[in-house]
2 protein chains.
Amino acid sequence: MVTNEVSTDIAIPDPDVLNPNCPTRLVLDRIGDRWTVLVVLLLREGPVRFTALRTALGGVAPKVLTQTLKAMARDGLITRTVYAEVPPKVTYELTELGHSLRAPIEAVATWAESNVSAIMAAREAASAG
Amino acid sequence: MVTNEVSTDIAIPDPDVLNPNCPTRLVLDRIGDRWTVLVVLLLREGPVRFTALRTALGGVAPKVLTQTLKAMARDGLITRTVYAEVPPKVTYELTELGHSLRAPIEAVATWAESNVSAIMAAREAASAG
DNA sequence: CAGAATCCCTCGCGATACTG
DNA sequence: CAGTATCGCGAGGGATTCTG
């Protein structure tokens, strides 16, 4: 209708990730939060305790970590195991679903590590220009 | 040192994504925001105009979209092209770096689509139980 | 040790109006 | 059309304190 030099009309990608009503957004929201992704990474080798997570994450507020963990458990990504011991001991572990999320997440993480330098360079170039 | 049933000490995954000081966090932050991921998805077939993006995203505030686009351009993920026409025309396009981000992002999107139902189920089970 | 409760506060995101 | 300029809110995140 206009020119053909660029696609003016948007070809919606097969997924409906773009549809705000689509629950797929839920996943993006979850991944979008500050800690979920890192928790998945930390749990990949097996069960980890609350405080261990807290420490590894570099000082998250307990409230926030609890929130994150609860949300993840609610969504079936992790399980919570309480040991009848004193002092208390609770561990979190990836479910099968949680494990299946590792691949995509690690793909992103790997990309991040490989390309941070490029991004930083671009960023400095931008502020320089 | 305690028991061996679970890994109490955290084995930091090879990457240092967990280090708050690590710039890798930058990437997660960027991906964590509401629109970046969707923009990448929308740009995968070629250049797209501002309003087309806006429409496809379902009514983002122009200010927000501009913010997102600027941040992405600053980080070298997209380029902005202005056409000397009336009415004005500006297109955004993935850079090579931006394109390289597609794979990981699409992996997440695909996972999302495949597993939303499982997540929803888990969520309902949680609220039911 | 694991978390609940509380208070606080930034800032991401949105809505609206206006301009080159 | 492609933005900028303002205004504003609400949620997510954080620091601290307390308890089972």
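Calculation notes
Residues numbered from 1 in each chain as written. Chains lettered and ligands numbered in written order. Predicted model: local features only at pLDDT ≥ 70, side-chain atom pairs only at ≥ 80, totals over all residues. Heavy atoms only, no water. Buried < 20%, exposed > 50% of the residue type's maximum accessible area, 1.4 Å probe, protein only. Helix = DSSP H or I, 4+ residues; strand = E, 2+ residues; numbered from the N terminus. Pairing = 2+ DSSP bridges. Axes fitted to C-alpha atoms, helices over the stretch in contact; angles between N-to-C directions. Parallel < 35°, antiparallel > 145°, perpendicular 65-115°, else oblique. Left-handed = near helix turned anticlockwise from the far one by under 90°. Contact = heavy atoms within 4.5 Å. Nonpolar A, V, L, I, M, F, W, Y, C, P; charged D, E, K, R; others polar.

By the naming in an unreviewed UniProt entry, chain A goes by Helix-turn-helix domain-containing protein and is assigned to Amycolatopsis minnesotensis.

Participant: How do you make sense of the pairing of strand E3 (residues 89-94) of chain A when you look at a structure like this?
Facilitator: Each regular strand carries side chains that alternate between the two faces of the sheet. All names here are of chain A. Across the six residues of E3, five count as buried, placing the element largely inside the fold. As paired strands, strand E1 (residues 48-49) and E3 are joined by two bridges and run antiparallel to one another. If you follow Val48 over to E3, its bridge partner there is Tyr92. With six bridges connecting them, strand E2 (residues 78-83) and E3 associate as antiparallel partners. Bridging across to E3, Thr79 finds its partner in Glu93. Hairpin connection, E2 to E3: the antiparallel pair is bridged by five residues.

Participant: Is there a simple way to explain the packing of helix H5 (residues 96-128) of chain A against helix H5 (residues 96-128) of chain B in this structure?
Facilitator: To describe two helices that pack against each other, one gives the angle between their axes and the distance between the axes. Put simply, H5(A) and H5(B) touch, their axes get as near as 10 Å, and they point 165° apart. With respect to each other, H5(A) and H5(B) are oriented roughly antiparallel. Both H5(A) and H5(B) take part in a crossing whose hand is left-handed. On H5(B), the residues that touch Leu97(A), Ser100(A), Leu101(A), Pro104(A), Ala107(A), Val108(A), Trp111(A), Asn115(A), Ala118(A) and Ile119(A) of H5(A) are Leu97(B), Ser100(B), Leu101(B), Pro104(B), Ala107(B), Val108(B), Trp111(B), Asn115(B), Ala118(B) and Ile119(B). Residues that form the contact of H5(A) with H5(B) fall into these classes: 16 nonpolar, four polar and no charged.

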